[in-house]
Protein chains: 2
Amino acid sequence: MKEARYRQIYQLLKSRIQKDQYSVGTLLPSENELCRDFSITRTTARKALDMLDREGYIKRTRGRRSQVIERRHSLGLLSVKGFSEAAGTHVETIMLAGPELASWPTGMVFPPEETELSRPAIFFSRLRKLDGQVVMHESNWFSSIGFEHFTGQQFIDGSFFKTLSQRHLIEITGSTQELHAILARGEVARLLRISEGAPVLQICIKFSTSRPGLNIYSRLYCNTETYPIGNTYVH
Amino acid sequence: MKEARYRQIYQLLKSRIQKDQYSVGTLLPSENELCRDFSITRTTARKALDMLDREGYIKRTRGRRSQVIERRHSLGLLSVKGFSEAAGTHVETIMLAGPELASWPTGMVFPPEETELSRPAIFFSRLRKLDGQVVMHESNWFSSIGFEHFTGQQFIDGSFFKTLSQRHLIEITGSTQELHAILARGEVARLLRISEGAPVLQICIKFSTSRPGLNIYSRLYCNTETYPIGNTYVH
DNA sequence: TAGTGGTCTAGACCACGGT
DNA sequence: CCGTGGTCTAGACCACTAG
């Protein structure tokens, strides 16, 4: 059972995009060029391009070659409203810890698999500020299996997901989230700089990835008073 | 500029599924039968089926005809954890009001368009209970334009979205949500049967639909103490 | 074994973009 | 105008399902 030809072409083009060999704005080879280069017919070439299009890597226009675009992240994720959109607001990320090796926390909402727990976790936490106000505290864990040189690294453009994609060719394939409205106590109140008993939103997320056995576990505390949490989904 | 043949076939098959002419479990005509019936080639028939597959209307298996399946609604929506999944828990929906004509509320998070506001809203509200406990209060508004006989109707299987789809062939095409953690006050506390000052999750949603100019506006208050809000997204 | 869906070839015509 | 992507035809071979 060998992999379909159009899937191979798709994988090849995708990895080139991920590795920035085709950077945003680049025009891909035309369908006819792909046919010649890989000895395939247009049907096969188009199937590969169709997948890249559907997954948001390229934009296709009649009469024009396919163009690499900024990948949309409508992964059902929630994000602080105004984080990457609002021009004019001042965004700041403060790395509190890591990425570093750490023991797994106990009592996680989504319990990791045995294999994940067999090695220490890679952990990092950060604060997110908008216009000087702390709006979110974020903690992240994932198994160190297969990540020998991850700790201490700087993220590409400050983005963890971009780093995963470009340096390790790992994509987020899905997510499960759980939301609780709770009252801020102790450390949470202190980190978010709000009073004890203020309402905050706790979000626990399990991201699944394209690497089998690898999941990312996140726990967020959000002050939604000024900046609500939002997301948009486009079919 | 006429519509592509494969799109016509796709629309036809989809409407048959929506209208329950092909109900869940039904095997669709085979690709070769579609070719004969509509005088097309397999490439064209397959493109229509591919779309139905991607949008979650059918499941395709090699050696077997395509089968109509229960449509997955991973629309980035949030839902009370355990609402449709948890076997054993007792789910109850209490209609509090409507569907009935009402004036539009003021101060909505997502302001409706002028055309929507030019006619009164259709409004309905309900309480959701799990195991006898009230976990959510839900209010919904949408413009009465084009809905002359909607008020007073019973929903199909108690589902508003199913009713929209089957009776009016309207699908949800996207959603934008905004979340706030707030403290329950007055009516909200009373409806959810919790004490004043308890933390609750407020969710405001704007659903866009396949009918131009029609949006559904919802406001939810959730008691997340026992049952968190969750969602899963699969790429 | 017959029928089915998954893949692929080798053409064709059209609408649209940029030159 | 040429090259591009969008659509479609008419075949072919294979792997799988089900009787």
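Above this text is the structure in question.
Residues numbered from 1 in each chain as written. Chains lettered and ligands numbered in written order. Predicted model: local features only at pLDDT ≥ 70, side-chain atom pairs only at ≥ 80, totals over all residues. Heavy atoms only, no water.

Asker: What is the right way to look at the packing of aromatic side chains in this model?
Answerer: The relative placement of two aromatic rings is captured by the distance of their centres and the angle of their planes. For the structure shown, the criterion picks out 26 aromatic pairs over all chains. Measuring from ring centre to ring centre gives 5.3 Å for B:Phe142 and B:Phe147, while their planes differ by 80°; the resulting arrangement is edge-to-face. Relative accessible area serves as the criterion here: at 5%, B:Phe147 is assigned to the buried category. Seen in terms of ring centroids, B:Phe155 and B:Phe160 are 5.5 Å apart; in terms of plane orientation they differ by 50°. Their pairing is tilted. Taken individually, B:Phe155 and B:Phe160 each receive the classification buried, so the pair is uniform in this respect. Here a set of aromatic residues connected by ring pairs shows up, and it is made of A:Phe124, A:Phe142, A:Phe147, A:Phe150, A:Phe155, A:Phe160, A:Phe161 and A:Phe207. Stacked on the ring of B:Tyr6, the Lys or Arg B:Lys47 has its end atom at 4.4 Å from the ring centre. Sitting over the face of the ring of B:Phe147, B:Arg211 holds its NZ or CZ atom 4.7 Å from the ring centroid. (Phe/Tyr/Trp six-rings, centres within 6.5 Å; stacked < 30°, edge-to-face > 60°. Buried < 20%, exposed > 50% of the residue type's maximum accessible area, 1.4 Å probe, protein only. Lys NZ or Arg CZ within 6 Å of the ring centre and 35° of its normal.)

Asker: Explain the protein's contact with DNA strand D to me, please; I cannot follow it from the model alone.
Answerer: If you check the shell around DNA strand D, you find 25 residues, and the closest are A:Glu31, A:Arg42, A:Arg46, A:Arg64 and B:Arg5. In DNA strand D, atoms within 4 Å of the protein come 70% from sugar and phosphate. A distance of 2.8 Å separates a phosphate oxygen of DNA strand D from a polar atom in the side chain of B:Thr41. A distance of 3.3 Å separates a base nitrogen of DNA strand D from a polar side-chain atom of B:Arg42. Elements with a minimum of two residues in the surface near DNA strand D: helix H2 (31-38), helix H3 (42-54), strand S1 (58-61) and strand S2 (64-68) of chain A together with helix H1 (5-18) and helix H3 (42-54) of chain B. Among the residues forming the surface near DNA strand D, the class breakdown is 3 nonpolar, 10 polar and 12 charged. (Near = heavy atom within 4 Å. Polar contact = N/O pair within 3.5 Å; in protein donor to acceptor, adjacent residues only side chain to side chain. Helix = DSSP H or I, 4+ residues; strand = E, 2+ residues; numbered from the N terminus. Nonpolar A, V, L, I, M, F, W, Y, C, P; charged D, E, K, R; others polar.)

Asker: Would you mind showing me how to read the pattern of salt bridges here?
Answerer: Opposite charge on two side chains permits them to pair, given that their charged atoms come into close proximity. Tallying each qualifying case throughout the model produces 18 salt bridges over all chains. With its nearest N and O atoms 3.0 Å apart, the salt bridge here joins A:Arg126 to A:Glu138. Of this pair, A:Arg126 sits in strand S5 (residues 121-130) while A:Glu138 sits in strand S6 (residues 133-143); the two residues are 12 residues apart in sequence, bridging distant segments of the chain. Here A:Arg126 matches A:Glu138 in class, with each residue buried. The partner of B:Arg46 in a salt bridge is B:Glu31, with the nearest N and O atoms 2.7 Å apart. With B:Arg46 in helix H3 and B:Glu31 in helix H2 (residues 31-38), this pair connects stretches of sequence that are 15 residues apart. B:Arg46 gets classed as partly exposed once you look at its relative accessible area, which sits at 29%. (Salt bridge = Lys/Arg side-chain N within 4 Å of Asp/Glu carboxyl O.)

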